[in-house]
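Overview (structure and organization)
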Amino acid sequence: MKTAEARIQTPNNVKNEAKTNVKIDVKNVLFLTDFSVAAGAAIPYAAAIAKRFGSRLHALHVQTPVVNPMTEPATWAALEQSAARETNKQREALRLSFPGMHPEVIIEEGSLWLTLKSVVEKNKIDLIVLGTRGRLGLGKFFLGSMAEEIFRQAPCAVLTVGPSSQAEPPRDAKFIEILYATDFNPESVAAASYAVSLAQEFQAHLTLLHVIKDREVGDLLHPGDLVKSSARMLRNLVSKEAELWCEPRFAVEQGSPAEKILEVAKQRKADLIVLGVRRPSGLPGAATHLPIATAHKVVSHAKCPVLTVRG
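Let me begin by describing the structure that accompanies this report. (Residues numbered from 1 in each chain as written. Predicted model: local features only at pLDDT ≥ 70, side-chain atom pairs only at ≥ 80, totals over all residues. Heavy atoms only, no water.)

1. Describing the pattern of salt bridges
Applying the stated criterion across every chain yields a total of 5 salt bridges. A salt bridge links Arg249 to Glu177, with the shortest nitrogen-to-oxygen separation between them at 2.4 Å. With a gap of 72 residues between them, Arg249 in strand β12 (residues 249–254) and Glu177 in strand β10 (residues 177–181) connect regions that are remote in the sequence. Residue Glu177 is classed as buried on the basis of its relative accessible area, which comes to 14%. (Salt bridge = Lys/Arg side-chain N within 4 Å of Asp/Glu carboxyl O. Helix = DSSP H or I, 4+ residues; strand = E, 2+ residues; numbered from the N terminus. Buried < 20%, exposed > 50% of the residue type's maximum accessible area, 1.4 Å probe, protein only.)

Below you can see the structure in the form of structure tokens.
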């Protein structure tokens with residue numbers, strides 16, 4: 001097992017310049033699939049991260065129950081036999097999806113979320129990787145129901161290849177440009193650690209971004225002062241040692257956080273966006289430490305995968 005180490009400073013410690021050693025352990029990666037084309041788009045990313053971190057790779061497919069109690073009992077045996085044959089084919093398909101990696105294939109029946117939660121806890125999963133086709137509503141993409149629930153409730157980091165991601169996933173996923181966005185909330189420290197560690201593992205360029213919301217009546221600080229203080233706090237998130245190899249860039253923008261994150265990601269040609277998220281407050285899309293629905297909107301519209309990390 002390989003551990004990447006990043007030295008991160010929390011915003012609360014900006015004044016005393018105290019550095020905190022944060023080790024990112026990605027011992028177990030879980031690839032979640034429904035065997036759709038969209039789900040398959042996440043395969044290269046699950047493989048690449050597992051290889052880079054020396055992680056144990058798990059592949060999970062959750063089936064709906066084969067036997068319906070409302071059907072004739074005499075048909076149950078035949079249904080179960082047919083399902084068993086299909087399950088064997090699915091197991092083999094998942095193994096072949098990760099050549100040379102020998103993933104632990106898990107195929108179970110039941111509720112998606114309850115099964116996933118059990119598998120995550122039992123196998124001590126550090127990262128879930130999934131792809132979603134999403135759904136269209138009011139002319140805009142939203143996460144599919146499966147991804148929506150996982151995005152809002154997963155206790156670990158989640159890498160989502162969203163509905164707006166490139167149509168053809170790379171054969172070998174590589175992160176060359178990583179964008180990390182923060183509002184300096186303490187929850188974002190965990191996400192910063194992932195961003196720096198991934199930049200180190202993939203030898204990628206790292207951009208740290210803070211978006212200042214449009215000024216409201218009564219704001220006391222001048223925008224120029226906010227930009228300067230924000231830039232200083234961004235720099236304090238990365239240690240001097242890390243700056244030597246990841247060549248971080250720091251950006252401060254003003255406007256809608258989600259729109260600016262997507263805009264900067266496009267400008268930088270980002271291969272990965274990293275965000276910190278809180279536990280859900282009960283409202284769909286509100287599980288983020290950034291303004292309400294920011295993380296949800298970014299995942300839904302990003303042209304690259306998005307990594308959301310629990311604080």
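Having seen it, we continue.
2. Topic: the sheet that holds strand β11 (residues 205–212)
In any sheet, the strands associate via hydrogen bonds between backbone groups, in a parallel or an antiparallel arrangement. The strand order β5-β4-β3-β6-β9-β14-β13-β10-β11-β12 describes an open sheet built from 10 strands, whose pairing is mixed. Both edges of this open sheet fall to β5 (104–109) and β12, since each of them pairs with a single strand only. Direction aside, the axes of adjacent strands within the sheet are offset by 20° on average. Alignment of strand β6 (residues 127–131) against strand β9 (residues 157–161), held across 5 bridges, turns out to be parallel. Pairing of Leu127 across the sheet is with Ala157, part of β9. Seen against the sheet, helix α10 (residues 294–301) touches β9, β13 (272–277) and β14 (306–310) and runs at an angle of roughly 155° to β13. (Pairing = 2+ DSSP bridges. Axes fitted to C-alpha atoms, helices over the stretch in contact; angles between N-to-C directions. Contact = heavy atoms within 4.5 Å.)

3. Describing helix α4 (residues 112–123)
Note that an α-helix has 3.6 residues per turn; residues three or four places apart therefore point the same way. Helix length check: α4 (12 residues) gives 16 Å between terminal C-alpha atoms against 16 Å at 1.5 Å per residue, within 8%. Three or more residues of α4 are buried, namely Trp113, Thr115, Leu116, Val119, Val120 and Asn123. One side of α4 holds all its buried residues, which, seen down the axis, span an arc of 165°. Opposite the buried face of α4, by more than 90 degrees, sit the exposed residues Leu114, Glu121 and Lys122. Lys124 occupies a position one or two residues after α4 and carries a positive phi of about 50°. (Expected span 1.5 Å × (residues − 1). Arc of directions from axis to C-beta.)

Bear in mind that shape data such as this cannot, by itself, settle questions of function.
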